[in-house]
Amino acid sequence: MYKVWQFMKRGFISMLSYRTAFMLGVVSMAVGVAQFAYMAIFLKEGNTFPGIARYGGDLMAFLISGNLFMSFIAVALSSFQGAIRSEQLMGTLEFLLLSDTPLGLILLYSSLWDFLWTLINAGLIFTLVVLIFGVPLQINLGPALLVLSLAIICLAGVGLASAGIIMVTKVGDPIAWAFSTLSGFLSGVIFPVEILPNWLQKISAILPPTYALSALRKSLLVGSSLLDIQQELLVLALMALVTVPAGLLAFRWGFNKARRDGTLVGY
C-alpha cells in the first residue's frame, strides 16, 4: 500500500506541476455539463426541431455535420503544435531548423496529411450515413469546399498561436483549449445557437466556426449556392485577415522566447 500511495502521490504532483493543464481540465468538465444541459433543452422541442429547419430539418444530418466539422477544428488547432511536439519528442527539431526549409513550411508540410485524412474520413462517413441510414443530403460541392477552405485558413491562424504557446508552456495550451471548448459549446455543433441566452449568442457571433458551420450545413444539407451563403463567406474572410497575422505573431513570439530560454527542443 505504501508503494501504491507513492505512485498516486507522484501522479498528483505531476498533475499539479502543469497548473494550466489542470485548471483547463477542471473548467472543461463544467463546460461539458452545460453543453449537455442545452442539448437537453434542444431535444425538448419535440420531433419537428424547428431550430434546424433551415438546414433541412433532419436531426441526424445536423448532428453528424456538426461533429465532423469539429474534427476539422481539432486538426487545425492541433496539427501545428503536434508537429512541433513530435519533433521535440524525437529530438529532431534542431536538425530540421538547421536545414534549408523555413520553419513555417515545416509546419505546413507536416500538417497537410492530417487535413487530407480528415477530409477523406468526412467523405466516407457522409457516404455511409446516406447509404445505410438514408440521411437526405443536397450537396453543393463548390460552395462547401470554399467554406471549408476559408474555415481552415481562419482556424490555422489560431493553430499557429497555439503552437507558439505550447513551445513555452510544453503542456496545457489555453488558446487551443478555449477555442475548441467555446466552439463545441457555442457554435451550433449539437444544438442551434438560437437556444442559448443572448449573452452567449454574442460570444458565439465572434467565433469563426459559427459562420463556417452554418454555411457548410447549408451547402451540404440543402444545396445552398454561393449567393445564399455570401454573408458567412465574407465574415470568414474578414476573420482570416485577423487570425492569420495574429497567429504568426504569437508563433514567432513563442519560438523566440523558447529559443532565448534554451527550452526550444525540450519537452
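Model, not experiment: these values are computed from the prediction.

**Student:** Quick question: what am I supposed to make of the pattern of salt bridges here?
**Tutor:** Between side chains of opposite charge, pairing is possible as soon as their charged atoms come close. The final tally for this structure, using the stated rule, is two salt bridges. For Lys218, the salt bridge goes to Glu232, with nearest N and O atoms at 2.9 Å. Remark: Glu232 occurs in helix α10 (residues 230-261) and Lys218 occurs in helix α9 (residues 208-221); sequence separation between them is 14 residues. In terms of burial, Lys218 and Glu232 fall into one category: buried.

**Student:** What exactly am I supposed to notice about the packing of aromatic side chains here?
**Tutor:** The description of an aromatic ring pair rests on the distance of the ring centres and on the angle between the ring planes. For the coordinates displayed, the defined rule picks out two aromatic pairs. A centroid spacing of 6.0 Å and a plane angle of 35° characterise the contact between Tyr55 and Phe62, whose relative ring orientation is tilted. On the basis of relative accessible area, Tyr55 is assigned to the buried category, the value being 7%. With a centroid separation of 6.4 Å and 80° between ring planes, the pair formed by Phe185 and Phe191 is classed as edge-to-face. According to the relative accessible area criterion, Phe185 is buried, its value standing at 9%. For Phe191, a relative accessible area of 1% translates into the label buried. Over the ring of Tyr55 we find Arg217, and its NZ or CZ is 5.8 Å from the ring centre. Positioned over the ring face of Phe62 is Arg217, at 3.6 Å from the centre of the ring.

**Student:** Teacher, can you tell me more about the side chain of Ser214 here?
**Tutor:** Structurally, Ser214 is set in helix α9. Judged by relative accessible area, which is 13%, Ser214 ranks as buried.

**Student:** Looking at this model, I keep getting lost on the nonpolar core. Mind explaining?
**Tutor:** Ranked by internal contacts, the top residues of the largest apolar core, which has 46 residues, are Phe69, Val147 and Leu196. Element by element, the count of residues in this core is highest for helix α3 (residues 59-90), at eleven residues. Within the second largest apolar cluster, nine residues are counted, among which are Leu107, Ala163, Met167 and Phe251.

**Student:** I keep staring at a nonpolar patch on the surface and nothing clicks. Help me out?
**Tutor:** Residues Met60, Leu128, Val130, Leu131, Ile132 and Phe133 make up a contiguous nonpolar surface patch of roughly 610 Å² in combined accessible area. Tallying contributions element by element places helix α5 (residues 103-133) first for the nonpolar patch, with five residues. For Val130, the location among the structural elements is in helix α5.

Parameters and conventions
- As a convention, each chain's residues are numbered from 1 in the sequence order in which they are written.
- pLDDT decides what is reported in this predicted model: residues at 70 or higher carry local features, side-chain atom pairs at 80 or more are listed and counted, and totals for whole chains, interfaces and linings draw on all residues regardless.
- Note that water and hydrogens are dropped before the side-chain values are worked out from all heavy atoms of the structure.
- Criterion for a salt bridge: a side-chain nitrogen of Lys or Arg within 4 Å of a carboxyl oxygen of Asp or Glu.
- Going along the chain from the N terminus, every DSSP run of H or I of four or more residues is numbered as a helix, and every run of E of two or more is numbered as a strand.
- Remark: exposure states derive from per-residue accessible area (1.4 Å probe, protein chains only) relative to the maximum for the residue type, with buried under 20%, exposed over 50%, and partly exposed in between.
- Note on aromatic pairs: the rings of Phe, Tyr and Trp (six-membered ring only in Trp) are paired at centre separations within 6.5 Å, and the planes decide the class, stacked below 30 degrees, edge-to-face beyond 60, tilted for the rest.
- Here, over-ring charges are defined by two tests on the NZ atom of lysine or the CZ atom of arginine: distance to the ring centre within 6 Å, and angle to the ring normal within 35 degrees.
- Residues belong to one nonpolar core when they are buried, are Ala, Val, Leu, Ile, Met, Phe, Trp, Tyr or Cys, and are joined through side-chain atoms within 4.5 Å.
- Like-charged residues are merged into a patch within 9 Å and nonpolar side chains (Val, Leu, Ile, Met, Phe, Trp, Tyr) within 5 Å, provided each residue has over 30% relative accessible area and no salt bridge.
- For accessible areas, the Shrake-Rupley method is used with a probe of radius 1.4 Å. Any residue's cover is judged against the shown protein chains and nothing else.

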